[in-house]
Amino acid sequence: MNTLRLVVVSAGLSQPSSTRLLADRLAEATGRRLAGAGRAVDVDVVELRDLAVDIANNLVTGFPGPRLLAATEAVTAADGVIAVSPIFTASYSGLFKSFFDVLDNTALIGKPVLIAATGGTARHSLALEHALRPMFGYLRAIVPPTAVYAASEDWGAVGDAGAGGLADRIERAAGELAGLLTNRPSAEATVAEATIDEVVPFAQQLAALRPGKPA
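Right, let's walk through the structure included here. Just so you know, these numbers come straight off a predicted model, no measurement behind them.

Moving on, we get to the overall build of the protein chain. Each helix and strand in the protein chain was counted, giving eight helices and six strands. For the protein chain, the sequential pattern of α-helices and β-strands runs β-α-β-α-α-β-β-α-β-α-β-α-α-α. Taken across its 215 residues, the protein chain has 43% of its residues classed as buried. Of the contacts made within the protein chain by residues no fewer than 6 positions apart, 79% connect residues no fewer than 24 positions apart.

Okay, helix H1 (residues 18-36) next. Taking 1.5 Å per residue as the helical rise, H1 with its 19 residues ought to reach 27 Å, and the 27 Å between its terminal C-alpha atoms agrees with that figure. Those residues of H1 not exposed but buried are Thr19, Leu22, Ala23, Leu26, Ala27, Ala29, Thr30, Gly31 and Leu34. The secondary structure elements touched by the buried residues of H1 are strand S1 (4-10), strand S2 (41-47), strand S3 (80-88), strand S5 (113-119), strand S6 (148-151) and helix H6 (166-182). The N-cap residue of H1 is Ser17: its side-chain oxygen and the backbone nitrogen of Thr19 are 3.1 Å apart. One or two steps after H1, the chain reaches Gly38, where phi turns positive at roughly 80 degrees.

A few words now on the side chain of Thr182. By the secondary structure assignment, Thr182 is in helix H6. Here Ala178 takes part through its backbone oxygen, which lies 2.6 Å from a polar atom of the side chain of Thr182.

Next up on the list: the nonpolar core. By size, the foremost hydrophobic cluster in this structure holds 37 residues, and its most contacted members are Val9, Leu48, Phe96, Phe99, Phe100, Leu108 and Phe136. Secondary structure elements with two or more residues in this core: S1, helix H3 (66-77), S3, helix H4 (94-102), S5, helix H5 (127-138) and S6. With six residues, H5 is the single largest residue contributor to this core. The contacts of Phe96, once residues within four sequence positions are left out, are Ala11, Leu48, Ala83, Val84, Ser85, Leu132, Met135 and Phe136. Listed in part, the 22 residues of the second largest apolar core include Leu26, Ile82, Ile170 and Leu177.

Counting through the fold element by element, Phe99 comes out in helix H4. Here the alpha-carbon distance between Phe99 and Asn58, two residues 41 residues apart in the chain, equals 9.6 Å. Contacts of Phe99, omitting those with residues within four sequence positions, involve Val9, Leu48, Ile55, Leu68, Ala71, Thr72 and Val75.

This brings us to the packing of helix H2 (residues 52-61) against H4. Between H2 and H4, the shortest axis-to-axis distance is 10 Å and the interhelical angle comes to 50 degrees. Compared by their axis directions, H2 and H4 come out oblique. Read as a crossing pair, H2 and H4 show a hand that is left-handed. Contacts between H2 and H4 pair Ala52, Ile55, Asn58 and Leu59 from the former with Leu95, Ser98, Phe99 and Val102 from the latter. Considered class by class, the residues forming the contact of H2 with H4 number six nonpolar, two polar and no charged.

Each value, and the rule that gives it
- Counting of residues starts from 1 at the beginning of each chain's written sequence and follows it residue by residue.
- Only residues with pLDDT of at least 70 are given local features in this predicted model, and only at 80 or more are side-chain atom pairs given and counted; all residues enter the totals for whole chains, interfaces and linings.
- Only hydrogens and water are set aside; all other atoms, that is, all heavy atoms of the structure, feed into the side-chain values.
- Note on conventions: DSSP H or I runs of at least 4 residues are helices, E runs of at least 2 residues are strands, and numbering of each starts at the N terminus.
- Type-normalised accessible area, obtained with a 1.4 Å probe on protein chains alone, sets the label of each residue: buried when under 20%, exposed when over 50%, and partly exposed for intermediate values.
- Contacts are assigned to residue pairs that have any heavy atoms within 4.5 Å of one another.
- In this scheme, a helix's expected span is set at 1.5 Å multiplied by one less than its residue total.
- Each polar contact in these results corresponds to two N or O atoms within 3.5 Å; when the atoms are within protein, one needs to be able to donate a hydrogen and the other to accept it, and residues that are neighboring in sequence are counted only if both atoms are side-chain atoms.
- As used here, the term nonpolar core means buried Ala, Val, Leu, Ile, Met, Phe, Trp, Tyr and Cys residues forming a set that is joined through side-chain atoms within 4.5 Å.
- What counts as an axis is a line fitted to C-alpha atoms, over the stretch in contact for a helix, and the angles between N-to-C directions run from 0 to 180 degrees.
- Here the angle decides the label: under 35 degrees means roughly parallel, over 145 means roughly antiparallel, 65 to 115 means roughly perpendicular, and every other value means oblique.
- Note on convention: the crossing is left-handed when the near helix lies turned anticlockwise from the far helix by less than a right angle, right-handed when the turn is clockwise.
- We call Asp, Glu, Lys and Arg charged. Ala, Val, Leu, Ile, Met, Phe, Trp, Tyr, Cys and Pro are nonpolar, and the rest, Gly among them, are polar.

Here's what the structure looks like:
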């Protein structure tokens with residue numbers, strides 16, 4: 001089987017960022033699960049903080065710069081996506097939303113997208129269900145049942161351990177994403193197969209044009 005392509009979209013603003021840290025842990029856990037299932041995976045990371053100006057320019061001009069174009073093409077060509085946003089005022093960040101606003105609205109159709117978020121308090125955890133999940137549902141992505149939220153206290157030794165802790169939630173979500181990807185042909189293979197299937201032999205095309213040919 002061909003190597004799968006996993007793209008991680010991180011909308012963290014600081015550096016270092018807890019959003020990027022959560023994204024990396026999800027990608028690492030998913031990679032381990034896929035390796036255990038015999039699937040190789042390449043992971044690319046899209047840091048939205050580095051593309052903020054490009055995204056703003058695209059929103060007002062309609063034209064992406066080279067770096068933004070490369071990022072949107074990577075997401076479009078990916079077999080799966082991990083999308084992680086900080087939560088501001090009980091919803092995803094404006095930078096996160098703006099990136100998916102400039103992405104082609106067909107880019108995520110049928111694509112597994114694992115959603116995750118970070119925030120200062122656990123009270124914002126439901127933003128995953130009332131903001132991120134509906135957005136990706138609208139984009140017709142396949143969103144695994146488990147979404148991962150990490151509050152500030154989750155990064156401590158107590159919150160990160162044991163059943164229901166952050167590590168447990170990461171592993172569960174990664175297992176669900178890996179399960180969606182395990183039996184999925186790579187995007188490149190799918191495109192190649194579709195191209196082959198669409199080629200109709202010339203003789204068959206001529207036969208279809210013959211007068212009196214029964215339907």
